[in-house]
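Each chain is listed here by its residues.
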Amino acid sequence: QVQLVESGGGLVQPGGSLRLSCAASSTIFRFNAMGWYRRAPGKQRELVATITSGRSTNYADSVKGRFTISRDNAKNTVYLQMNSVKPEDTAVYYCYYFGGEVYWGQGTQVTVSS
């Protein structure tokens, strides 16, 4: 099975930046998609960003222009660069992988507060 290990969450001030990382096991299929969901209390689960193995990307309207998803295929790692963060970005962020089967990471808490 594919294992996903997330890191980079924490406390950040409004307007600041944070980078989340998600490292997948070395056994992932080379043609795949990876991305990030988030879940905040009282809100629906939201798909934040996705990226394919060919580096095609999609973003939720709420994060366009502020977040950037990227990947390092040699390291089997996907990143979410979060810039100009807002309090409403506070959520648990979950990495996912899809390559025929879907897997999710354990989640990492992001809190935006002064």
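Relevant structure appears above.
A short tour of the structure in this document, coming up.

**Things to note about the pattern of salt bridges**
Part 1: Considering all chains together, one arrives at four salt bridges under this definition.
Part 2: Here Asp 89 makes a salt bridge to Arg 38, at a shortest N to O gap of 3.0 Å. With Asp 89 in the loop between β8 (77-82) and β9 (91-98) and Arg 38 in strand β4 (residues 33-39), the pair connects residues that are 51 residues apart, well separated along the chain.
Part 3: The salt bridge involving Asp 61 is made with Lys 64; its shortest N-O contact spans 3.1 Å.
Part 4: By relative accessible area, which is 63% here, Asp 61 ends up exposed.
Part 5: Through salt bridges with shared partners, one network takes in Arg 38, Glu 46, Arg 66 and Asp 89.

**Regarding the sheet that holds strand β3 (residues 18-24)**
Strand pairing in a sheet relies on backbone hydrogen bonds, with the paired strands running either antiparallel or parallel.
Part 1: Across the sheet, which stays open at both edges, the four strands sit in the order β1-β3-β8-β7 with antiparallel pairing between neighbours. Unpaired on one side and paired on the other, β1 (4-7) and β7 (67-72) mark the two borders of the sheet. Pairs of neighbouring strands in the sheet enclose a mean axial angle of 15°, with direction left out of account.

**Topic: the pairing of β9**
Part 1: As paired strands, β4 and β9 are joined by seven bridges and run antiparallel to one another. Its bridge partner lying in β9, Arg 38 is registered against Tyr 93.
Part 2: Bridge count between β9 and strand β11 (residues 108-112): three bridges; the pairing is antiparallel. Among the inter-strand pairings, Val 92 is bridged to a residue of β11, identified as Gln 109.
Part 3: The pairing of β9 with strand β10 (residues 102-104) spans three bridges and is classified as antiparallel. In the strand pairing of β10, Phe 98 is matched with Val 102.
Part 4: In sequence, β9 turns back onto β10 through a hairpin of three residues, with Gly 100 there showing a positive phi of about 110°.

**Considerations on the packing of aromatic side chains**
Part 1: All told, the structure shown has two aromatic pairs when counted by the stated rule.
Part 2: Summarising the aromatic geometry, the rings of Tyr 37 and Tyr 96 are spaced 5.4 Å apart at their centres and angled 55° between planes, so their arrangement reads as tilted. Of this pair, Tyr 37 sits in strand β4 while Tyr 96 sits in strand β9, and the two are 59 residues apart along the sequence.
Part 3: Ring geometry for Tyr 97 and Tyr 103: centres 6.2 Å apart, planes at 35°, overall tilted.
Part 4: A relative accessible area of 17% means that Tyr 103 is categorised as buried.
Part 5: The residue whose ring lies beneath Arg 45 is Tyr 37, and the NZ or CZ to ring-centre distance is 5.4 Å.

Definitions and limits used
Residues numbered from 1 in each chain as written. Predicted model: local features only at pLDDT ≥ 70, side-chain atom pairs only at ≥ 80, totals over all residues. Heavy atoms only, no water. Salt bridge = Lys/Arg side-chain N within 4 Å of Asp/Glu carboxyl O. Helix = DSSP H or I, 4+ residues; strand = E, 2+ residues; numbered from the N terminus. Buried < 20%, exposed > 50% of the residue type's maximum accessible area, 1.4 Å probe, protein only. Pairing = 2+ DSSP bridges. Axes fitted to C-alpha atoms, helices over the stretch in contact; angles between N-to-C directions. Phe/Tyr/Trp six-rings, centres within 6.5 Å; stacked < 30°, edge-to-face > 60°. Lys NZ or Arg CZ within 6 Å of the ring centre and 35° of its normal.

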